[in-house]
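Summary of the model geometry
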Amino acid sequence: MFLTLLTPSLPQLRLHPRMGQLRDRHPFRRRRAPPVAGVTAPAARRRPAASTPPRGEGVGAACPAPPVSPPRGSASRPPSPGAARVGPERGGRCGVAALFWPSASPVPQRARGAMERSAAAAVRRLRAAGGGGERDRDRDRRPAAPPRQDDGDGDCAPGKSRDGSRRRPQALSERRAAAVVLLFLLALRGLAHVAHRHLLSRPQRGGHPHFSAHRARGYLDNITAIGPRTVGSPANEVLAVNYLLEQIRAIETESTDAHKISVDVQRPTGSFSIDFLGGFTSYYANITNVVVKLEPRNGAEHAVLSNCHFDSVPNTPGASDDAVSCSVMLEILYTLSKSSEPLQHAVIFLFNGAEENILQASHGFITQHEWAKSIRAFINLEAAGVGGKELVFQTGPENPWLVQAYVCAAKHPFASVVAQEIFQSGIIPADTDFRIYRDFGNVPGIDLAFIENGYIYHTKYDTSDRILTDSIQRAGDNILAVLKYLATSDKLAKSFEYKHGNVVFFDVLGLFVLAYPARVGTIMNCIIAAIAFLYLGKKVFQPKTRVINNLKKFFTAFGLILLSWISTLVTVVIVAVFVSLIGRSLSWYTHFYVSVFLYGTAAAAKLILVHTLAKKFYYKNMNDLNLGDVFFDASLLIWTIALAVITQIGLCSAFICMLWVAFPLLTKLMIHKEFRQKGATIKFLLLYMLGMFVPYLYIMYLSWTIFEMFTPIMGRSGSEIPPDVVLAGFIVAITMILSSYFINFIYLVKSTKLTLITSTAVSVVTLILVCSGIFFPYSSDMANPKPKRVFLQHTSRRFHDLDGNLVKSDSGIWINGFDYNGISHITPHIPEINDTIRTPCEEWAPFCGLPWILPVHFMFRKNWYLPAPEIFPRSPIHFKVLSKELMPWNSVRLSFEVSGPSHMSLYIRPHKGSALSTWSLGDGTPVASIGGDYFVFYSHGLHATPWNFWIELTLLKKVLCEEVILRAKNVKMPVSNFWNFREAVTVANSGFNLY
C-alpha cells in the first residue's frame, strides 16, 4: 500500500512500504547523522535493500515515533517493532525521513522497481537541498561556532524556530548596507534638489487675463536702472516715485469699467519703539508712500492689502529687495484692472518708500492713512535672497482661514510652519513689515520672501538679470491668485469671526500644501504617540518572565544612542572650534560641500565608532538580529518622547516628529515577519527603505531649505558668533536625525570597519585641506559671486564733557567686518588695515563712542579705525537745547531741536542718580537697548522740518544731570566697492558715511 506524506519544506513524496529510511538533509543543518549501527559510514549512505528491516537507531532514534493509526483492515493487529517509524530532522527538529507500514499483501516486482526509482529521485532531491556530497562532508569537518547568547523575546527570538531549534538567518553585508544607505540618501537629496529648482509646476491657461512675467521684468529693469534708492535721496523720493506714478496712471487709463482706481501719495511723520536688535526707538519725518486702491465701481467697505517697498540700502540696485516685488504688484494691478469680473472687496497696493529704515513707511501707513481702517488682511512681499522660490514663512497671527486661502489659490505653493517658528524665535536677525501690520494694525496676513542665493543680498550684485523670469512668473501667479481669492471671499468681511487657533502647514515638494488646524494636529500627535508607547510597552513587558531583562536591554540601547549623539556633538564642535582658532573659519562659504565632508563625515564616523565599540565589548555574545531590533525600538522611543514634549509645548513643528514616529512604526509592523524569519535580506532592506521614504525625504527637503537660508546669513552674522560652530552643530543635528533609524544597521552588519575607515579618512583629509587654506572663503566669480562684507564709515568724532568742553576729537575710516574673519583676509593685501588700528571701546561713552547707524554693537565688538582727513558734510548738524523746565515729582524736561542729514542716531545715557522717565517719542515710554543706554534712529525724506523732541529725567539722588550724545549719519550716493583682490570681493555693502 501507499501513504502520501506532506512536509513543510519538501515536495509531496510517495514512499514504498518496505523501502527503508531516507536520510533527511535540511539546508540549515551541518552535522552529519551517525551511521546505522553495524554498518560503515559509506554503507549507511547507500539506499538500504528492500529486505532490510527498519532500525530503531541512527537517524530515526532521535525523535519518538508519534502515535499513528493503523491502516484500515489492520486495526486489531499489534504493531511490529519496526512499524511507523519517523526519521528526525537533525538538531531536534522532527521531520519525516521514512514512514512505512508492513504490507499484508505482496507488491508486484514491476511496481516495486518503479517505487524504488521514485524514491531514489527523492533522495537526490533531498541531497541537493541539503548540499550533499563532498561539500557536505567538508562542511561537517568544520568546527562548530560557539553559541551566542539568546536575548530573544521568548520562543520567537531571531535565529530560532517556534519549536526551539537553531537556524542561521541571513546576516547583513557591510558593503551592501553602506551602499544601500548612501544611494538612498543621495536619491533623496536629488529629489529635494529637483523640487527646489523646479519653479513652475503648471502651464498657463488661456482665456482670462493672466500675469505676464515679461511685462513685470520691464518694470523691474526700469526701477533698478535708477540705482540705489536710500531714504532721503532724490533717487528714492523723486525718481522712483515719479516712475511708479507714471505706470499707475497708464494702467488706470486701460482699466475696464468694472473697476475704479484711486491713487494717493502719503508723506507721514511719526515714531514708534520696537524690540528688534535689542530694542530701540525710531523716528521718521516726511517719508514717502505711494498707495493705490482698486475697487468695484460702487466702492467697497473692506479691503485686502498688498505691500512691497521700493527703497534700498546703499550700494545696491535692490532688484530682489524689493524692486521685483513692486514690479510684480504693478503687473497684478494691471491684470486685475483689465479683468471684466468685478471684485467683491477692494485691493490696496502699498508701494512703501522706507522699509530699509527699519519698517518706518509701513508704520506711517497703517497708523495714519485713512484707507488703513478698511484693511482686513494683507500679503507682504519681501526678500532674503535673489530669486528662486518665494517662501511663505509667516502667517496669522492665528486666522487659519488665510492659510487655507493660500492652499486653495496658490498655483506653485512653497510654505512651511517650521520656517515661521524659526523666524519668530528671533534666531534670524531680521524683520519685515509683517510685524508692523500685526502689532500696530492688528491685521492678520501672509509673509512671503525669496530665499535663494542670499550671498548677494544687499550687495551691488543684486541686479535684475540675476532674477529668473520663471521666478517672477511663479511669484506673480501665486500672489495674483491669492489676492483675487481674498478679494472675492466672504470671509474677508468677517475675518474677526475666523480668528481661532493656529494652523499646521507645509508643502510637499512644492506640489501641494497640507494644512490642518493645530488642535487637530495635537489630537493626531497624541494618538500616534499613544500607539507607539503601547507598542513599546508590549515589547518590553511580554513575556512577563523577562521584563527586567527587556527593560535593561531597552534603556541601555536608549542611553547608548543619547551618549553617541552627545559625544558626536562634542567631538565635531571641538573640530569647529579648532578650525575657527587657526583662522580658517568660513572655508565652506563658497564651497558648501566642504562643510559636509568636514563635519558630516566626522559626525557619522563618531556615531559608528561609539556603537561599534558597544557591539564589540558590551554586546559581544548577544544575538545581532535582536540587537538591531532593540536599537530600532530605542530610536522609536526617542522620537515618541520628542513628539510628546513638542506637542505639549504647543509648537506646530511637532508634525515632523509625528512623521518620524508613524512611518517607522508602520514599517516595523510591515517587515516584522520577514525580518524574524529570514533576517536582513535584500527584501528586508528594500521594504525598510520604502517605509522610511516619506520621513527621510521630507527632512532632506526641509533641511536643504534651512541650509539655503542660513548658510549665507553666516557671512553677515557679526564678529562674535563663530559660524563654523553654528554650522557644525546644525550638521550634527541633521546627522543625528538621519541616523536615527540606521543605527540598528550597525548591529546587523558583520563589521563596520570599511565604513568607519572611509568616513574618518574623508573627514581627516578635508580637515588637512581646510587647515592648508586651499578653500578660500569668498569668490568674485561674476556668475556666482560670494563677497566678503565690510562696513566702512568716514566719521568725524567730537567728545564733550558735561560742561560742554571738548575732550577729544578725531576723524577716520571706521571699519566693521560683517563676519567672524574680521579683516584677516584684507591685511595681506592692504597692510595699513591691521590689528594695530583696532579701536578700543570707550567705556565711559554710550555704545563705546562709535557712530552706529543701528544698535548692533553687541554683534560687532571688533572695530578698526583708520585715521583719515576730516570731512565736511553737505548737510551739517545743528543741535541745540531749546528749554529746560522743572516738572513735578523731582523731574526736569529738556527740549531739543535737531536738523541735519537724512540719517541720524541719538544716544542717551542718564547720569548716575537720575533716570529717563518719559519722552515725546513713540508711545512715551522709553525703551532701553542692550547695555541700558537709549538709542533713537532718525530719518527723513525731502524738505523735512527740524526735528523737535523732549526728554524728561527724574531725580533719584541729590544731583540731577544728564548726558546726551548725538551721532548723525549721512548717505553718500553712489558708493562703489573699494577693493577687489584675489578671489574675494572684500567690500560688498558699504556707503554710509557719517558726518
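As the structure is a prediction and not an experimental result, all values here were calculated from the model.

The next subject is the overall build of the chain. Counting its secondary structure elements, the chain contains 22 helices and 26 strands. Out of the 995 residues in the chain, the part that is buried amounts to 56%. Long-range pairs, those at least 24 residues apart, make up 80% of the contacts in the chain with a sequence separation of at least 6. Of the roughly 43,300 Å² that the chain leaves accessible, carbon and sulfur atoms contribute 60%.

Looking now at the sheet that holds strand β7 (residues 303–309). What links the strands of a sheet is backbone hydrogen bonding, and the strands pair in either a parallel or an antiparallel sense. Taking strand neighbours across the sheet as the criterion, the seven strands line up as β3-β6-β8-β7-β9-β11-β10 in an open arrangement whose pairing is mixed. Looking at which strands have only one partner, the edges of the open sheet turn out to be β3 (259–266) and β10 (390–396). Averaged over all neighbouring strand pairs, the angle between strand axes comes to 15°, with direction disregarded. Across seven bridges, β7 lies against strand β8 (residues 346–352) in parallel orientation. In the sheet register, Leu305 faces β8, and the bridge partner there is Ile348.

The N-to-C vectors of helix α5 (residues 213–224) and helix α12 (residues 469–487) enclose an angle of 110°; their axes lie 9 Å apart at closest approach. It follows that α5 is roughly perpendicular to α12 by the angle criterion. Note on element contacts: α12 touches α5 through Thr469, Ile472 and Gln473, opposite Ala213, His214, Ala216, Arg217 and Leu220. Residues of the contact of α5 with α12, tallied by class, amount to four nonpolar, three polar and one charged.

Helix length check: helix α13 (residues 518–541), at 24 residues, gives a terminal C-alpha distance of 34 Å against a target of 34 Å (1.5 Å per residue), a fit within 8%. Those residues of α13 that sit buried are Ala518, Gly521, Asn525, Ile528, Ala529, Ala532, Tyr535, Leu536, Lys539 and Val540.

Most peptide bonds adopt trans geometry, and most residues besides glycine take a negative phi value. For the bond from Asp321 to Asp322, the omega torsion is 10°, close enough to zero to count as cis. Secondary-structure assignment places Asp322 in helix α7 (residues 319–338). Positive phi, close to 55°, is recorded for Leu509, a residue that is not glycine.

It is worth spelling out the state of the cysteines at this point. Per the stated rule, a full pass over the model turns up two disulfides. Shown here is the disulfide that connects Cys841 with Cys848, its sulfur atoms set 1.9 Å apart. A torsion of -85° about the S-S bond marks the disulfide between Cys841 and Cys848 as left-handed. Residue class for Cys841 comes out partly exposed when judged on its relative accessible area of 32%.

This part takes up the packing of helix α15 (residues 593–618) against helix α22 (residues 753–772). At their nearest, the axes of α15 and α22 sit 8 Å apart, and the two run at 145° to each other. Like other packed secondary-structure pairs, α15 and α22 cross with a definite hand, here left-handed. Contact residues: α15 offers Val594, Phe597, Leu598, Thr601, Ala602, Ala605, Ile608 and Leu609, while α22 offers Thr755, Leu756, Ser759, Thr760, Val762, Ser763, Thr766, Leu767 and Val770. Classifying every residue of the contact of α15 with α22 by side-chain character gives 11 nonpolar, six polar and no charged.

Time to look at the nonpolar core. Within the largest apolar cluster, 184 residues are counted, with the highest numbers of intra-cluster contacts made by Phe349, Phe351, Phe655 and Phe745. Ranked by the residues each element gives to this core, the list is headed by helix α19 (residues 693–713), at 13 residues. In contact with Phe349, not counting residues within four places along its chain, are Val290, Val291, Val292, Leu294, Ser306, Met329, Ile332, Leu333, Leu336 and Leu483. Counting residues in each nonpolar core, the second largest holds 43 residues, with Phe276, Ile287, Ala303 and Phe791 among its members.

Moving on to the pattern of salt bridges. Opposite charge on two side chains permits pairing when their charged atoms draw close. Within the structure shown, the criterion is met by 21 salt bridges. Measuring nitrogen to oxygen at the nearest pair gives 2.8 Å for the salt bridge that ties Asp439 to Arg438. The closest approach of N and O atoms between Lys880 and Glu897, which form a salt bridge, is 3.8 Å. In this pair, Lys880 sits in strand β17 (residues 878–887) while Glu897 sits in strand β18 (residues 891–899), placing the two residues 17 residues apart along the sequence.

This paragraph deals with the confidence of the model for the chain. Overall, the prediction assigns the chain a mean pLDDT of 81, with 78% of residues at 70 or greater. Every residue in residues 129–166 is under pLDDT 50, and counting partners more than four places away or in other chains gives 72 contacts. In the model, residues 958–995 has pLDDT below 50 throughout and makes 173 contacts with residues more than four positions away in sequence or in other chains.

All right, on to the pairing of strand β15 (residues 806–817) then. For a regular strand, side chains alternate in direction, first toward one face of the sheet and then toward the other. Across 11 bridges, the pairing between strand β14 (residues 790–800) and β15 is antiparallel. Pairing of Leu792 across the sheet is with Ile815, part of β15. Taking the residues between adjacent antiparallel strands as the criterion, β14 and β15 are bridged by five residues, where Gly804 takes a positive phi near 90°. As paired elements, β15 and strand β16 (residues 863–867) share five bridges and run antiparallel to each other. What sits directly across from Asn816, in β16, is Asn863.

Quick look at the pairing of strand β13 (residues 512–517) now. Sheet topology note: the strand β12 (residues 503–508)/β13 ladder contains six bridges and is antiparallel. In the strand pairing of β13, Val503 is matched with Pro517. Here β12 folds back onto β13 in antiparallel fashion, the turn holding three residues, of which Leu509 has a positive phi close to 55°.

Before going further, it helps to examine the sheet that holds strand β22 (residues 947–955). Spatially, four strands are ordered β17-β18-β22-β20 in an open sheet, and the strand pairing comes out antiparallel. Strands with a single pairing partner mark the edges of an open sheet, and in this sheet they are β17 and β20 (914–919). Between one strand and the next, the sheet's axes are offset by a mean angle of 25°, whatever the strand orientation.

All right, on to the side chain of Thr735 then. Locating Thr735 in the fold gives a position in helix α20 (residues 723–739). Its relative accessible area of 15% is what places Thr735 among the buried residues. Excluding anything up to four places from it in sequence, Thr735 contacts Gly600, Ala603, Ala604 and Leu607.

The next point concerns the side chain of Thr281. Here Thr281 shows up in strand β5 (residues 280–285). Polar side-chain contacts of Thr281 include one of 3.0 Å to the side chain of Ser273.

We now examine the environment of Val694. You can see Val694 is positioned in helix α19. Residue classification places Val694 among the partly exposed residues on the basis of a relative accessible area of 35%.

As for its position among the elements, Val762 is in helix α22. Classification of Val762 by relative accessible area gives partly exposed; the value is 30%. Between the alpha carbons of Val762 and Leu598 there is a distance of 7.5 Å; along the sequence they are 164 residues apart. Residues in contact with Val762, not counting those within four places in the same chain, are Phe597 and Thr601.

About the criteria used
- Residues numbered from 1 in each chain as written.
- Predicted model: local features only at pLDDT ≥ 70, side-chain atom pairs only at ≥ 80, totals over all residues.
- Heavy atoms only, no water.
- Helix = DSSP H or I, 4+ residues; strand = E, 2+ residues; numbered from the N terminus.
- Buried < 20%, exposed > 50% of the residue type's maximum accessible area, 1.4 Å probe, protein only.
- Contact = heavy atoms within 4.5 Å.
- Areas by Shrake-Rupley, 256 points an atom, 1.4 Å probe, with all protein chains shown as cover.
- Pairing = 2+ DSSP bridges.
- Axes fitted to C-alpha atoms, helices over the stretch in contact; angles between N-to-C directions.
- Parallel < 35°, antiparallel > 145°, perpendicular 65-115°, else oblique.
- Nonpolar A, V, L, I, M, F, W, Y, C, P; charged D, E, K, R; others polar.
- Expected span 1.5 Å × (residues − 1).
- Disulfide = S-S within 2.5 Å.
- Left-handed = near helix turned anticlockwise from the far one by under 90°.
- Core = buried A, V, L, I, M, F, W, Y, C linked by side-chain atoms within 4.5 Å.
- Salt bridge = Lys/Arg side-chain N within 4 Å of Asp/Glu carboxyl O.
- pLDDT = per-residue confidence, 0-100.
- Polar contact = N/O pair within 3.5 Å; in protein donor to acceptor, adjacent residues only side chain to side chain.

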